[in-house]
Amino acid sequence: MSLIVSFLSGIIFALGLGISGMTQPQKIVGFLDLFGNWDPALAFVMVGAIAVHSVAYLTLKPEKGPALKGSYSIPKKSQITKSLVTGSLLFGIGWGLSGFCPGPGVVSLFSGNMASVNFVVSMVIGMFIYRKTFSSDKVDG
């Protein structure tokens, strides 16, 4: 049942990305262009997501735990480390340059857009290099 719910959640997420236009790199780059031709579409998507989450957070009873799992998976680390800052910088630079982050990049594969194919292939190669380079680091997930 958990696998089915995960799959359906992914489909809903993918549909939301497509409907909102977040699979279009020019929307993301337009949002980051504060002093040029600014596009507020991403801001509306973020505000909508925060509103939905806020209602769910206020109405659900978190003390009972998740419905399909024994407990919540909450990260235990809270330190700001060199690898966290480096990874965040790399993510932000890649997002700003390409207009893709992992979710929209994977969803965009279905459009046949070569930019999304290049992004996802580069992302997978980067993940592989990270795993081989920092194999002693514990990676959650």
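Residues numbered from 1 in each chain as written. Predicted model: local features only at pLDDT ≥ 70, side-chain atom pairs only at ≥ 80, totals over all residues. Heavy atoms only, no water.

Draft legend 1. Looking closely at the overall build of the chain. On a plain count of helices and strands, the chain comes out with six helices and zero strands. Reading the chain from its N end, one meets helices and strands in the order α-α-α-α-α-α. The buried share of the chain, reckoned over its 141 residues, is 15%. Taking as baseline every contact in the chain between residues at least 6 positions apart, the subset at least 24 positions apart corresponds to 35%. Taking the average place of the 10 positive charges on the side chains of the chain and the average place of its 5 negative ones, the gap between the two points comes to 11 Å. (Helix = DSSP H or I, 4+ residues; strand = E, 2+ residues; numbered from the N terminus. Buried < 20%, exposed > 50% of the residue type's maximum accessible area, 1.4 Å probe, protein only. Contact = heavy atoms within 4.5 Å. Lys, Arg positive; Asp, Glu negative; His and termini not counted. Charge placed at Lys NZ, Arg CZ, Asp CG, Glu CD.)

Draft legend 2. A look at the environment of M46. Within the secondary structure, M46 sits in helix α3 (residues 41-59). Taking the C-alpha atoms as reference points, M46 and G105, separated by 59 residues in sequence, lie 18 Å from one another.

Shape descriptors only; they carry no functional weight alone.
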